[in-house]
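Remarks on the overall topology
Here's the letter readout for the chains.
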Amino acid sequence: CNNELFDKALAALRDGSRFMHSSSTLTLRYQSAYVDAYTNLPIANIDSALYYYHRLEEAPKGTKGMGSEYVMSNIAIAQYYIKKQEYPKAVAYIDKGMALAEASKAPFLIHQAQNIKGLYKFHTGAYDEAIALLEQSIVVSQHVNKGNYLESVHTIAEAYKAKGDLKKAITYYDLYDK
């Protein structure tokens with residue numbers, strides 16, 4: 001089922017890509033969409049994702065929309081590496097995504113970057129930093145991204161559990177179960 005969805009997404013991108021260069025904004029969106037598609041497990045192709053990422057990187061920096069497309073592509077690649085447990089490879093994309101999100105001052109992008117950095121910090125054992133970042137991100141994600149919200153709440157609970165603070169862990173597990 002996931003393979004079919006992935007194949008359909010790529011087919012749709014390929015079909016529409018003949019219009020990809022009709023505007024600079026559309027070019028950015030397509031390149032970012034390819035990065036996103038090629039970083040989704042189980043059928044990810046990181047080489048293809050990085051190819052489109054580098055094309056996105058080469059785009060003129062003044063292009064409208066560049067911030068969100070570039071931020072989300074950095075987050076997608078970082079997420080891929082985190083899921084593959086290749087944490088050192090994720091760092092550069094996390095840092096770049098975070099810096100671009102903060103520069104954009106866009107709450108949605110900032111929360112996405114905080115979320116991925118918080119997940120990275122959790123998986124690398126920096127529980128206090130993970131908790132701080134994820135608690136910041138859930139302020140926005142509870143309103144706009146239920147999946148990120150639930151993942152963040154559960155990860156905060158797991159971080160408190162790993163630290164031995166079961167009382168706080170249970171508080172967050174309760175939020176997760178609501």
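Throughout what follows, the structure given in this document is the object of discussion. In this convention, every chain numbers its residues from 1, walking through the sequence in written order. With pLDDT at 70 or above as the cut-off, local features in this predicted model cover only qualifying residues; side-chain atom pairs require 80 or more to be listed or tallied, and sums for whole chains, interfaces and linings still use all residues. Hydrogens and water are ignored here; the side-chain numbers use all heavy atoms of the structure.

**Structural notes on the overall build of the chain**
In this description a helix means any DSSP run of H or I spanning at least four residues, a strand means any run of E spanning at least two, and both kinds are numbered starting from the N terminus. Along the chain, the regular secondary structure elements total nine helices and zero strands. Secondary structure elements in the chain, listed N-terminal to C-terminal, are α-α-α-α-α-α-α-α-α. The globule rule puts the C-alpha radius of gyration for 178 residues at 16 Å, and the 17 Å found for the chain is close to it. With the C-alpha coordinates of the chain rotated into their principal frame, the extents come out at 55 × 40 × 30 Å. Only protein chains enter the accessibility calculation, which uses a 1.4 Å probe. A residue is then buried if its area is under 20% of the maximum for its type, exposed if over 50%, and partly exposed in between. For the chain, buried positions account for 42% of its 178 residues. Should any heavy atoms of two residues lie within 4.5 Å, those residues are counted as being in contact. If you take every contact in the chain between residues at least 6 apart in sequence, the share linking residues at least 24 apart comes to 51%. Total accessible area computed for the chain in this model is approximately 9600 Å², and 53% of it derives from carbon and sulfur atoms. Within this scheme the basic residues Lys and Arg register as positive and the acidic residues Asp and Glu register as negative, but His and the chain ends are omitted. Taken as the charge location is NZ of Lys, CZ of Arg, CG of Asp or CD of Glu. Side chains of the chain give 20 positive and 19 negative charges; the mean places of these two sets differ by 3 Å. Radius of gyration here uses only the C-alpha atoms, and the compact-globule reference equals 2.2 Å multiplied by the residue count raised to the power 0.38. Each accessible area is a Shrake-Rupley result for a 1.4 Å probe, and residues are judged covered by the shown protein chains and nothing else.

**A short note on the environment of Tyr176**
For Tyr176, the location among the structural elements is in helix α9 (residues 166-177). On the basis of relative accessibility, which here comes to 35%, the residue Tyr176 falls in the partly exposed class. For Tyr176 and Leu134, which are 42 residues apart along the polypeptide, the C-alpha to C-alpha distance reads 13 Å. Residues in contact with Tyr176, not counting those within four places in the same chain, are Leu150, Val153 and His154.

**Examining the environment of Leu133**
Relative to the helices and strands, Leu133 resides in helix α7 (residues 127-144). We classify Leu133 as buried; its relative accessible area is 13%. On a C-alpha basis, the gap between Leu133 and Ile43 in space is 29 Å, while along the polypeptide they are 90 residues apart. Dropping the residues within four chain positions of it, Leu133 is found in contact with Met98, Gln114, Lys117, Gly118 and Lys121.

**What to know about the pattern of salt bridges**
Here, a salt bridge means any side-chain nitrogen of Lys or Arg that lies within 4 Å of a carboxyl oxygen of Asp or Glu. Per the stated rule, a full pass over the model turns up five salt bridges. In this structure, Glu86 and Lys89 form a salt bridge, with 3.0 Å as the shortest nitrogen-oxygen distance. Here Lys163 makes a salt bridge to Asp128, at a shortest N to O gap of 2.2 Å. Of this pair, Lys163 sits in helix α8 (residues 146-163) while Asp128 sits in helix α7; the two residues are 35 residues apart in sequence, bridging distant segments of the chain. Overall, the relative accessible area of 42% leaves Lys163 in the partly exposed class.

**Notes on unusual backbone geometry**
The backbone of Gln85 shows a phi angle near 60°, a positive value even though the residue is not glycine. Mapped onto the secondary structure, Gln85 falls in the loop between α4 (66-83) and α5 (87-104). A positive phi angle, close to 60°, is found at Lys105, a residue other than glycine. Checked against the element boundaries, Lys105 lands in the loop between α5 and α6 (107-123).

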